[in-house]
Amino acid sequence: MARIAIVYHSGYGHTAKAAEHVRKGAAAIPGANVTLYKAEDLAAPDKGPWDELARADAIIFGAPTYMGSASGGMKVFMDAASKAWFTRAWANKIAAGFTVSGSLSGDKTVTLQQFATFAAQQGMIWVSNDQPSGYNATTTDFATAHNRAGHFLGLGVQALTDLPADQTPDRYELETAERFGKRVSEATLRWARTPAQAELA
Ligand SMILES: Cc1cc2nc3c(=O)[nH]c(=O)nc-3n(C[C@H](O)[C@H](O)[C@H](O)COP(=O)(O)O)c2cc1C
């Protein structure tokens, strides 16, 4: 059994939708127990379910990209997590990250780099996105591509800015999110193995 926490911020619901699909994929792996947390419920170091995060085997960070980096709501949570940094509460947990933005690129890589740096500061083990670029050759189809924009540091999802969250991101972006969740679950289950389990494997 592995406990996986997903902490996310979403201003307008698109990242919340992506988070739900990361959760769905992660929870599809037997033995994974996955819980969603809103960043705004963890905005101060002494308030909110910090003890649950301390017990998790993995924490996945998710935020929209606003003005070229993680949204302010997510950054408030990240700054509040400095208490976990002081106590090394998250050291050696699995970490991964995802972001949603309006443009195909939209500087999402900056947000993923921000999450990877944050995880490294916390002493966590970063898990990448292993899905190949779905749209990078004449033989590939943009509309049905998974990992359409080719993000590997983490999951990058496009949500068109003039559509509500029940219409965007599209099916292929959400399937990409599910596959990413599965990968993090699988990595966590391998990493979280007790020495006794590892001997039997
Ligand atoms: C304040 C603000 C800044 C934004 N900055 C970017 C950006 O830098 N790059 C981009 O591609 N989209 C940008 N967008 C679009 C959002 O990333 C996009 O609408 C996203 O789906 C919002 O996610 P949410 O519904 O979870 O808040 C911005 C939107 C807002 C409101």
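Preceding block: the structure.
Here the residue numbering is sequential within each chain, running from 1 through the sequence in written order. Restriction of local features to residues with pLDDT of at least 70 applies here, the model being predicted, together with a cutoff of 80 or more for giving and counting side-chain atom pairs; totals for whole chains, interfaces and linings are based on all residues. Water and hydrogen atoms were dropped before computing side-chain values, which therefore reflect all heavy atoms in the structure.

Explain the side chain of Thr168 to me, using residue names and the numbers behind them.
Positionally, Thr168 belongs in the loop between strand S7 (155-158) and helix H6 (171-191). Definition of a polar contact: a pair of N or O atoms within 3.5 Å, with one able to donate and the other able to accept a hydrogen when the atoms are protein atoms, and with sequence-neighbouring residues admitted only if both atoms are side-chain atoms. Within polar-contact distance, the side chain of Thr168 engages the backbone nitrogen of Leu160 at 2.9 Å. When neighbours within four sequence positions are excluded, Thr168 is seen to be in contact with His14, Lys17, Gln158, Ala159, Leu160 and Leu163. Starting at the N terminus, helices and strands are each numbered in turn, a helix being any DSSP run of H or I of at least four residues and a strand any DSSP run of E of at least two. Whether two residues touch is decided by their heavy atoms; if any such pair falls within 4.5 Å, the residues are in contact.

So what's going on with the site of the ligand? Residues and values would help.
Residue proximity to a molecule or strand is established when one non-hydrogen atom of the residue lies within 4 Å of it. Looking at the ligand, there are 17 residues lining it, with Ser10, His14, Thr15, Tyr66 and Met67 nearest. Gly11 places a main-chain nitrogen or oxygen 2.9 Å from an oxygen atom of the ligand. Here the ligand has 640 Å² of accessible area as a free molecule, and 79% of this is covered by the chains. When residues of the shell around the ligand are traced back to their parent elements, those giving at least two are helix H1 (14-27), strand S3 (58-66) and strand S5 (94-101). Element by element, the count of residues in the shell around the ligand is highest for S3, at three residues. Think of it as three bins: nonpolar holds Ala, Val, Leu, Ile, Met, Phe, Trp, Tyr, Cys and Pro, charged holds Asp, Glu, Lys and Arg, and polar takes everything else, Gly as well. Each residue belonging to the shell around the ligand can be placed in one class, and the counts come to six nonpolar, 11 polar and no charged. Note on areas: Shrake-Rupley with a 1.4 Å probe; residue coverage comes only from the protein chains shown.

Before we move on, can you summarise the side chain of Thr65 with the specific residues and values?
As for its placement among the helices and strands, Thr65 is situated in strand S3. According to the relative accessible area criterion, Thr65 is buried, its value standing at 10%. Separated by 2.8 Å, the side chains of Thr65 and Thr111 make a polar contact. In this structure Thr65 touches Thr99, Val100, Ser101, Gly106, Asp107, Lys108 and Thr111, once residues within four positions along its chain are discounted. Three exposure classes are used, based on accessible area relative to the maximum for each residue type with a 1.4 Å probe and protein chains only: buried under 20%, partly exposed in between, and exposed over 50%.

I'd like to hear about the pairing of S5, residue by residue, with values.
Summarising burial for S5: eight of the eight residues are buried, a large majority. Along S5, one buried face is formed by Ile94, Ala96, Phe98 and Val100 and the opposite face, lined by Ala95, Gly97, Thr99 and Ser101, is buried too. When DSSP finds at least two bridges between two strands, those strands are taken to pair. Looking at chain direction, S3 and S5 are connected through seven bridges and run parallel. Its bridge partner being in S5, Phe61 is matched across the sheet by Gly97.

Can you tell me about the packing of aromatic side chains, naming the residues and giving the values?
Only Phe, Tyr and Trp rings take part, Trp by its six-membered ring, and two of them pair if their centres are within 6.5 Å. Stacked means planes under 30 degrees apart, edge-to-face means over 60, and tilted covers everything else. Enumeration according to the criterion identifies 11 aromatic pairs in this entry. Between Phe61 and Phe77, the ring centres sit 6.2 Å apart and the planes meet at 40°, which makes this aromatic pair tilted. In this pair, Phe61 is assigned in strand S3 and Phe77 in helix H3 (residues 72-80), connecting sequence segments 16 residues apart. Residue Phe61 shares its accessibility class with Phe77, and that shared class is buried. For the ring pair Trp85 and Phe86, a centre distance of 5.0 Å and an interplane angle of 75° mean the geometry is edge-to-face. A residue is classified by how much of its surface remains accessible, and Phe86, at 64% relative accessible area, is exposed. Taken together, the ring pairs in this structure connect Trp50, Phe61, Phe77, Trp90, Phe115 and Phe118 into an aromatic cluster. A positively charged side chain is recorded as over a ring if its NZ (Lys) or CZ (Arg) lies within 6 Å of the ring centre. The angle to the ring normal must also be within 35 degrees. For Arg148, the ring lying beneath its charged end belongs to Phe142, and the centroid distance is 5.0 Å.

Tell me about the packing of H3 against helix H5 (residues 108-121), residues and numbers included.
Between H3 and H5, whose axes approach to 12 Å, the crossing angle comes to 10°. The angle between H3 and H5 places the two elements in the roughly parallel class. Residue-level contacts link Met74, Lys75, Phe77 and Met78 of H3 to Gln114, Phe115 and Phe118 of H5. Along the lines of polarity and charge, the residues of the contact of H3 with H5 split into five nonpolar, one polar and one charged. Between the N-to-C directions of two axes lies an angle of 0 to 180 degrees, each axis being a line fitted to C-alpha atoms and, for a helix, fitted only over the stretch in contact. Convention used here: angles under 35 degrees read as roughly parallel, angles over 145 as roughly antiparallel, angles from 65 to 115 as roughly perpendicular, and any remaining angle as oblique.

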